[in-house]
Amino acid sequence: MALSSKTAVLTAPRSFSIFDRAIPALAPDHVVVRIAATAVCHTDLGIYKGNYANLKYPVVMGHESTGVVESVGEKVTHVKAGEPVIINPIISCGHCDMCQRNMQNLCRNAGLFGREVDGSLAELVHVAAKYVHPLPSDVALDDATIIETLATVKHAQDRLGVKAGDSVVVIGQGTTGLLHTQLAALAGATPVIAISRTKWKLDMALRMGAHYALDAGAEKALGEVLRLTDNQGADVVIDTAGGAATLAVAIEMLKPGGRLSPYAVSHECCATFTTFPLYFKEISIIGSRALHPTDMAPSIDLVSQGKIDIKGFVSATFPLSKTDQAFKEYEGNSNGVLRLVIDSREG
């Protein structure tokens, strides 16, 4: 019997409709997942607003999602029906030179679940089993949507080589900034300095391991960062805010030999940028793109073992039928919300 799924479809920028859509016949190496929760992030907001020129409508959004396995193909062995799971949304071709080098996150033909490939704003999804990772049964599925984001943060910090004794500055304390703050503190970095212009986010940062919380923009925080690092500068600066001005001041915050993660994705040109600080202080700028499949299991373990706190990130929950309302509210207050979750179980 063919399955159908109630699905929120973005038919044009800022325009959702709810449809019943057929689920494909189960392929041998695929699973059908009954979606529980999908978190909404700034990437989703960009898709919703029409900021991706090559995006083809209609599109089923949603890429930070959890659910329960409904059925499995005959070749699938690592998950079973009834098991809670999280979906890795980074879709790779498996054939290009990057995939052959086991660098799937840099796939030449990569897509994102919920953008190039229909995503999780639905009751059911049919997805290749390799993208599905088991979750412990005691982790709430709404909260667990953040694990995909945590995996991208872990990927960035692994590339940075954050270690015990490093001084770390995290600019911006939204969802990714708070996770960077937690992960740096967990690694034994000291001090960990959180920067934000929002007091309640700074309060969360302190609860999550920051040693200092600076209520200021990056430029105004520069002097205090230098003071807190004995005028040496920080070993690591992680920019989760983005923008040309922030990049420039982040470089000033670094000590000689320091490492910078421009974690926030920005297309803004930095007209005042010169390579002189890279030469003079021998700074390393280390990019990171999304996550590698091997980042998922350790991130799940960090949460299941209680090493990373994922409570308090969900600001509001909407049923699938109210997806349009959820995005309108998020667009109207994107800086005042950490995460919105759309619950496919509520219709």
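As the structure is a computational prediction, the values presented were derived from the model and not from experiment.

Visitor: Is there a simple way to explain a nonpolar patch on the surface in this structure?
Guide: A contiguous nonpolar patch, built from Phe276, Tyr279 and Phe280 and spanning about 430 Å² of accessible area, is present on the exposed surface. Residue classification places Phe276 among the partly exposed positions, given a relative accessible area of 49%.

Visitor: Even after reading the chapter, I still don't get helix α10 (residues 296-304), so can you show me in this structure?
Guide: Given 3.6 residues per helical turn, the α-helix brings residues three or four places apart onto the same face. Among all positions of α10, only Met296, Ser299, Ile300, Leu302 and Val303 are buried. Around the axis of α10, the buried residues are gathered within 155 degrees of arc, so they sit on the same side. In this fold, the buried residues of α10 make contact with β5 (84-87), β9 (132-134), α4 (146-160) and α5 (175-186). Directly after α10, the chain includes Gly306, whose backbone phi takes a positive value near 75 degrees.

Visitor: Help me out: how do you make sense of helix α6 (residues 199-207) in this one?
Guide: For α6, the set of buried residues is Lys201, Leu202, Met204 and Ala205. Viewed end-on, α6 has its buried residues packed into an arc of 155 degrees, placing them on one side of the element. Packing partners of the buried residues in α6 comprise α5, β11 (192-196) and β12 (212-215). In the segment just after α6, Gly209 is the residue with positive phi, at about 115 degrees.

Visitor: Sorry if this is basic, but what is going on with the sheet that holds strand β15 (residues 284-285) here?
Guide: Paired through their backbone hydrogen bonds, the strands of a sheet run either parallel or antiparallel. Taken in spatial order, the six strands of this open sheet run β12-β11-β10-β13-β14-β15, and their pairing is parallel. With one partner strand each, in any of the chains shown, β12 and β15 form the two edges of the open sheet.

Visitor: Before we go on, may I ask you to explain the environment of Ala271 in this structure?
Guide: Structurally, the position occupied by Ala271 is in the loop between β14 (254-261) and α9 (276-280). Taking the C-alpha atoms as reference, Ala271 lies 36 Å from Leu186; in sequence the two are 85 residues apart.

Visitor: I keep staring at unusual backbone geometry and nothing clicks. Help me out?
Guide: Cis peptide bonds are those with omega within 30 degrees of zero, and the linkage from Tyr57 to Pro58 qualifies with 0 degrees. Relative to the helices and strands, Pro58 resides in the loop between α1 (42-49) and β4 (64-72). Look at the link from Thr190 to Pro191: it is a cis peptide, with omega at -5 degrees. For Glu282, which is not a glycine, the phi torsion comes out positive at approximately 50 degrees. Note that Glu282 resides in the loop between α9 and β15. Glu282 gets classed as exposed once you look at its relative accessible area, which sits at 63%. In this model, Ala290 sits at a positive phi of 55 degrees, which is unusual for a non-glycine residue. Residue position: Ala290 is located in the loop between β15 and α10.

Calculation notes
Residues numbered from 1 in each chain as written. Predicted model: local features only at pLDDT ≥ 70, side-chain atom pairs only at ≥ 80, totals over all residues. Heavy atoms only, no water. Patch = residues over 30% accessible without salt bridge, like charges linked within 9 Å, V, L, I, M, F, W, Y side chains within 5 Å. Areas by Shrake-Rupley, 256 points an atom, 1.4 Å probe, with all protein chains shown as cover. Salt bridge = Lys/Arg side-chain N within 4 Å of Asp/Glu carboxyl O. Buried < 20%, exposed > 50% of the residue type's maximum accessible area, 1.4 Å probe, protein only. Helix = DSSP H or I, 4+ residues; strand = E, 2+ residues; numbered from the N terminus. Arc of directions from axis to C-beta. Contact = heavy atoms within 4.5 Å. Pairing = 2+ DSSP bridges.

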